[in-house]
Structures are given as C-alpha cells and as structure tokens.
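Here is how the chains run, residue by residue.
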Amino acid sequence: MATFGTLSDRLTETFRNLRTKGKLSPADVDGTVREIRRALLDADVALTVVKDFTAKVRERALGDEVNRALNPAQQVVQIVNEELVGILGGQQRRLQFAKNPPTVIMLAGLQGSGKTTFAGKLARQLEKDGHTPLLVAADLQRPNAVNQLQVVAERAGAAIYAPEPGNGVGDPVRVSRDGVAFAAQKQHDVVIIDTAGRLGVDAELMKQAADIRRATSPDEVLFVIDAMIGQDAVNTARAFQEGVDFTGVVLSKLDGDARGGAALSVASITGRPIIFASTGEGLDDIEPFHPDRMASRILDLGDILTLIEQAQQAFDEEQAAKVAEKFAKDQFTLEDFLDQMQQLKKMGSMKKMLGMLPGMGQMKQQLDDFDEREIDRTEAIIRSMTPAERNNTKLLNGSRRARIARGSGMTVTDVNQLVNRFEQAAKMMKTVARGGTPNIPGMGPMPGMGRPGGSSKRGKQAKKSGSRSGNPAKRAAENAGLAASAQQPTGSGFGLGAQQAPSEADLAEIQKLFGRG
C-alpha cells in the first residue's frame, strides 16, 4: 500500500539487521526500538502514540518471552506486529445496522477528505450485500456538491434524495430529516447522509453537523479523514469527536504517497475503530479495515486473506473447477485463458494484488516497473484470433501470426512470445494439476528432475516444420515468422518478464489449489 511504503521499508530494514543476531542484548533491543521510533515519527505518527508504542515494544522485548525464545529476532517482529494491531484498533469492527430499518449513516469530515466519493463507494458496497441504500445530499454549501453526489449515485446505481440545488441554498438539517422519512416511505433500508465540510474546523461546521445528528439520530457517524494530512489528523479527529462524537473512522486516499501517520494515530487517539479504508478513485476501491492485515502489510508480511477474498468475489468457483479439469486433461485453450483474464481484471490493479504477497516490499522496483497495460495488449492479441485459432494454437502459421499482429496493433514477435509462453504455462499447469513437479522452461531442471530439452527425434521434427506454400514470397514470410517464434526467450510469464523458479513449498501450495498434495 503506497501510503505506508516508506514506513514499511524502514521497519523491514530494521528487522533485517536484527535477524543476523542469534541472541539479543539490551543494547540490540534499544537500538531496534530507536529505529522504530524514528521510522514512526518520520511517518507523521503522533508523538504520544509513538512514545506509548515504543515503550510497550521495549518492555516486552526485554521480557522473558524474548529471552527464552528459540529465535529472539522473530519474537521481536511478532511483538511489533501485535502492538501495531493494537494501535490500529485491535479487532475489526463492522457497520452496526438498526433493528428497525432504515439504518442511518451520517458522514462527517473536512472538505476534500473524500466524503462524497466514499458515499458512492459505500452505497455500491451495500447494494452488493443486498441492501437498498439511499444517498441524501445534505452538503448544500460547497459549490456543485449536490451535482457531484448525483453523478456518483448514478455511477454507483444508487437512489438519491436531493430536493435542494445546493450552492448555498437550502436547509441541510431539514433535508437530512426529510431524507430519512423519504427512505422509510420508499422502503430503503439504509440512508447515507453526505454532510458539508470546511477547509478547517470551525464553530459553524460543528454546529451544523451536531444539528443533523440530533435531527436524524444516526446509527453510525463515520468520520472520513484524509490519510495524507499527517500530524494535523490528531487535532482534526479530536475536534470532530468533541463536536459530533463519531462512532467510526474511514481512512481515504490510502493509495497516495504520503507517510500515513493518520492511520496509525487516529484510532489510538480517539478510541474509535477504523471501519473502512478507501484505496483508490474507483467505486470498488473500498475495503473493510482489518487491523491485523494492515499491520502485516506495513511489516511486509503480506495480506493473503484479503487477496483470497478479492479472488473469491471475482472468480466463479464452478468455472475455476472446470479450468482445473481442463488443465489436467490438457484441454486448456487461449479462449479459456481470455476468460480467466477477464475475471482477473475484475480484481482491480495487478500492482495492488502483487503488493499483498509476503516479501514484495523487497521487489519495490519490479512492482514500479510493472506495466498494467500488458494485460490489455495480451487481450488484444487473443481477440484478434479466430475461435479456431484460440482453441488450437497449432493452426498459427506465419501468415496467420502476421494477420493477428496487424489486427491487434502488435508485432509478430509479440504474438510469438504470447503463444510460446501460453503453451509452456499450459504444460506446466497440466503437470501441477496431476500432482507432478513441473520443469520450468528456460530455467533448467527442477530438483530431482532430468535434463530439460528435446531428444534427437524432436530435433528432426523441428527441422521438418516450415512453410509449404508454393509462393516464394509467402513462404519466406511464413518461415520468418516461425523462425522468430523459435528464437523467442522462454521462461517468462505472459509479458511479465522472467521469474525465478518456484520453491518446493510454492509448488506444494499450487498443488493444494487443485486438491493435490
């Protein structure tokens, strides 16, 4: 996650130095705590939070749980992880719904914190969960705020109550109260009230927010705070807590490149849980906030559970079973691969997904260099093929590859690379699906495996392959295409560059996906 990038790098480096020590002395602990303190202060975490956090870490690191541990360095990492979970709120807290609908959710926060965008995201999320939300446009102060909410509601496919034009016209308290009544009349089970904000905290803002709260008796008051505002987050959160007394926090703009101190300060300072995290501009870029998972991301321990949940939402379980069966029977085609790519794109940014894997903080440069458009290019090549070509790549002679390259706006080399990598990956996954250990093309033999490469018979077959066209010019073009195909480097993913061979543990995990091992 971009917001915690610098903090994660600093902490990871600190623990890397710690792991080289077999036994920890008090000086080692003090040095580690000192580095953690500097990293947190540089990330704009509130000073009181930093002092309390480092004091707890030092006390526990010098205690018996570390002194008696088989691996003291790992035990210190575990302590830091547990304390991070603590200052992030401890356990996850979900939205509280009213026993008698509609459930009223009021949004509060400064202008520009992302309240209106979050209102649309929350409405979309609730609709996916089977609710019928109604957005209420109670921000009548900011220019075009009502119009913005109308656009967001339309994109989210949610109903909206906006009787006033805004731009300084209308009573927000009356609109909010009438909006709740309208929702009950039209049988909307959730009301989301988008209130006005200010550039800074002032008495008028707090009075209006407090009046709306008294008029609507909301079940949840969510304080939306920009994760990029740093140290000022503490003062802003305290002011809203005193003026409105919110029940939960929403962190917005966690995809930014700021230092993220707000996330590590607001829950600890206010004692209110963080319920949602907004991770992008899209309406689907919203996540329930899990303190333990966020702590793991910060420490570069990965967030596999969130990754699995996103995959479960995007992938059809029945179709996945069919794909696994096709792998085992060697029937997986480019048509199937295209369907899988479509489902993969539903999960969102590939960079974000890869960033959830453990240890990816050490591959920051590779992630930054990853080109999201590579998937679109691959899709364009496959879509330029006929159904018969997608189902049988052996039909792809030189002239067909040239036609596909023209149709997709790519080169013959790009087409050749895709076909080669697809065939190699299909063979590897067939082996995995059957419970075997694959030989990764272009990477040499796996442990316990024979030498890769074909026999002399295979070489003779390769010599015989070539264009049989009677037209010399066409024959030369087709042979050139096939020759380029044969010369392409192997061992890389679908346009994602060469990767290292997976470990035996990784292969075991892959086999578990197919019910083997």
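These numbers come from a predicted model, not from an experiment.

**Overview of the overall build of the protein chain**
Phase 1: Along the backbone of the protein chain there are 24 helices and 8 strands.
Phase 2: In the protein chain, which comprises 517 residues, the share counted as buried stands at 46%.
Phase 3: For the protein chain, the share of sequence-separated contacts (at least 6 apart) that also reach a separation of at least 24 residues comes to 73%.
Phase 4: About 25,700 Å² of surface is accessible on the protein chain, with carbon and sulfur atoms providing 49% of the total.

**Digging into the packing of aromatic side chains**
The relative placement of two aromatic rings is captured by the distance of their centres and the angle of their planes.
Phase 1: Going through the model one piece at a time under the given rule, you end up with 4 aromatic pairs.
Phase 2: An aromatic cluster is present here, built from Phe223, Phe240 and Phe246 joined pairwise through their rings.

**As for the nonpolar core**
Phase 1: Judged by nonpolar contacts, the single largest core of 93 residues is most densely connected at Phe15, Val80, Leu84, Phe118, Ile192, Phe240 and Leu264.
Phase 2: Examining the composition of this core, we find that 8 residues originate from one element, helix H5 (residues 72-87), more than from any other.
Phase 3: Setting aside chain neighbours within four positions, we find Leu84 in contact with Phe53, Leu264, Ala295, Ile298 and Leu299.
Phase 4: Membership of the second largest hydrophobic core comes to 16 residues, among which are Phe337, Met385, Val415 and Leu418.

**Structural notes on helix H8 (residues 172-185)**
Phase 1: Taking 1.5 Å per residue, 14 residues should reach 20 Å; H8 reaches 20 Å between its end C-alpha atoms and fits that length.
Phase 2: When we look at burial in H8, the residues that qualify are Pro172, Val173, Val175, Ser176, Gly179, Val180 and Ala183. With its buried residues spanning 165 degrees around the axis, H8 presents them on a single face.
Phase 3: The N-capping residue of H8, defined by a side-chain oxygen 3.1 Å from the backbone nitrogen of Val173, is Asp171.
Phase 4: Where H8 terminates, the next one or two residues include Gln187, which has phi positive at roughly 65 degrees.

**Overview of the side chain of Ser252**
Phase 1: As for its placement among the helices and strands, Ser252 is situated in strand S6 (residues 248-252).
Phase 2: Ser252 sits in the buried class, given a relative accessible area of 5%.
Phase 3: Of the polar contacts made by the side chain of Ser252, one reaches the backbone oxygen of Ser113; its length is 2.5 Å.
Phase 4: Contact partners of Ser252, with chain neighbours within four places excluded, come to Ser113, Val224, Ile225, Asp226, Ala227 and Ser278.

**What about the pattern of salt bridges?**
Phase 1: Taken as a whole and assessed by the stated rule, the structure comprises 18 salt bridges.
Phase 2: Asp284 is the salt-bridge partner of Lys128, the closest N and O atoms lying 2.9 Å from each other. Within this pair, whereas Lys128 is found in helix H6 (residues 115-128), its partner Asp284 is found in the loop between strand S7 (274-278) and strand S8 (286-288), the two being separated by 156 residues in sequence.
Phase 3: With relative accessibility at 54%, the residue Lys128 sits in the exposed group.
Phase 4: You can call Asp284 partly exposed: its relative accessible area is 42%.

**Describing empty space enclosed by the protein**
Phase 1: Per the stated rule, a full pass over the model turns up 1 cavity of 30 Å³ or more.
Phase 2: In this structure, the largest cavity occupies an estimated 40 Å³ of space.
Phase 3: If you list the elements that add at least two residues to the lining of the largest cavity, you get helix H2 (26-42) and helix H3 (47-61).
Phase 4: For the lining of the largest cavity, the leading source of residues is H2, giving 4 residues.

**Regarding the confidence of the model for the protein chain**
Phase 1: Mean pLDDT for the protein chain: 75, with 66% of residues reaching 70 or above.
Phase 2: Taken element by element, the predicted model of the protein chain shows its lowest mean pLDDT in helix H22 (residues 456-464) (43) and its highest in strand S4 (residues 190-194) (95).
Phase 3: This model gives residues 512-517 a pLDDT under 50, and the stretch forms 10 contacts once residues within four places in sequence are excluded.

**Some details on the sheet that holds strand S1 (residues 103-108)**
Phase 1: Pairing is mixed across the open sheet formed by 8 strands, whose spatial order is S3-S2-S4-S1-S5-S6-S7-S8. In this open sheet, the two edge strands, each paired with only one partner strand, are strand S3 (159-161) and S8. For this sheet, the mean angle separating the axes of adjacent strands, direction not counted, is 25 degrees.
Phase 2: Looking at chain direction, S7 and S8 are connected through 3 bridges and run antiparallel. When the sheet's bridge partners are listed, Ala277 is paired in S8 with Glu287.

**Quick notes on unusual backbone geometry**
Phase 1: Looking along the chain, the bond that leaves Pro101 and enters Pro102 is cis, with omega of 5 degrees.
Phase 2: As for its placement among the helices and strands, Pro102 is situated in the loop between H5 and S1.
Phase 3: In the Ramachandran plot, Asn144 falls in the positive-phi region, its phi being about 65 degrees despite a non-glycine side chain.
Phase 4: With respect to the element layout, Asn144 can be found in the loop between strand S2 (133-137) and helix H7 (145-156).
Phase 5: Residue classification places Asn144 among the partly exposed residues on the basis of a relative accessible area of 46%.
Phase 6: One non-glycine residue, Asn167, adopts positive backbone phi at about 55 degrees.
Phase 7: Summarising the element assignment, Asn167 is placed in the loop between S3 and H8.
Phase 8: Judged by relative accessible area, Asn167 falls into the partly exposed class, the value being 46%.

**Brief notes about the packing of H8 against helix H9 (residues 203-216)**
Phase 1: One way to put it is that H8 packs onto H9 with a least axis distance of 9 Å and a crossing angle of 25 degrees. With respect to their mutual orientation, H8 and H9 come out roughly parallel. When you trace H8 past H9, the crossing you get is right-handed. Seen from H8, the contacting residues are Pro172, Val173, Ser176, Arg177 and Val180; seen from H9, they are Gln208, Asp211, Ile212, Ala215 and Thr216.
Phase 2: Residues that form the contact of H8 with H9 fall into these classes: 5 nonpolar, 3 polar and 2 charged.

**Here's the deal with helix H20 (residues 398-408)**
Phase 1: Within the sequence span of H20, burial applies to Gly398, Arg401, Ile404, Ala405 and Ser408. Projected onto a plane normal to the axis of H20, the buried residues spread over an arc of 125 degrees and lie on a single side. Turned more than 90 degrees away from the buried face of H20 sit Arg406 and Gly407, all of them exposed.
Phase 2: Gly409 sits one or two positions beyond H20 and adopts a positive phi of about 75 degrees.

Cut-offs applied
Residues numbered from 1 in each chain as written. Predicted model: local features only at pLDDT ≥ 70, side-chain atom pairs only at ≥ 80, totals over all residues. Heavy atoms only, no water. Helix = DSSP H or I, 4+ residues; strand = E, 2+ residues; numbered from the N terminus. Buried < 20%, exposed > 50% of the residue type's maximum accessible area, 1.4 Å probe, protein only. Contact = heavy atoms within 4.5 Å. Areas by Shrake-Rupley, 256 points an atom, 1.4 Å probe, with all protein chains shown as cover. Phe/Tyr/Trp six-rings, centres within 6.5 Å; stacked < 30°, edge-to-face > 60°. Core = buried A, V, L, I, M, F, W, Y, C linked by side-chain atoms within 4.5 Å. Expected span 1.5 Å × (residues − 1). Arc of directions from axis to C-beta. Polar contact = N/O pair within 3.5 Å; in protein donor to acceptor, adjacent residues only side chain to side chain. Salt bridge = Lys/Arg side-chain N within 4 Å of Asp/Glu carboxyl O. 1 Å grid on protein atoms, 1.4 Å probe; cavity = no way out; pocket = protein on both sides within 12 Å on 5 of 7 lines; lining within 4 Å. Points joined across faces, edges and corners; volume = space filled by probe spheres on them. pLDDT = per-residue confidence, 0-100. Pairing = 2+ DSSP bridges. Axes fitted to C-alpha atoms, helices over the stretch in contact; angles between N-to-C directions. Parallel < 35°, antiparallel > 145°, perpendicular 65-115°, else oblique. Left-handed = near helix turned anticlockwise from the far one by under 90°. Nonpolar A, V, L, I, M, F, W, Y, C, P; charged D, E, K, R; others polar.

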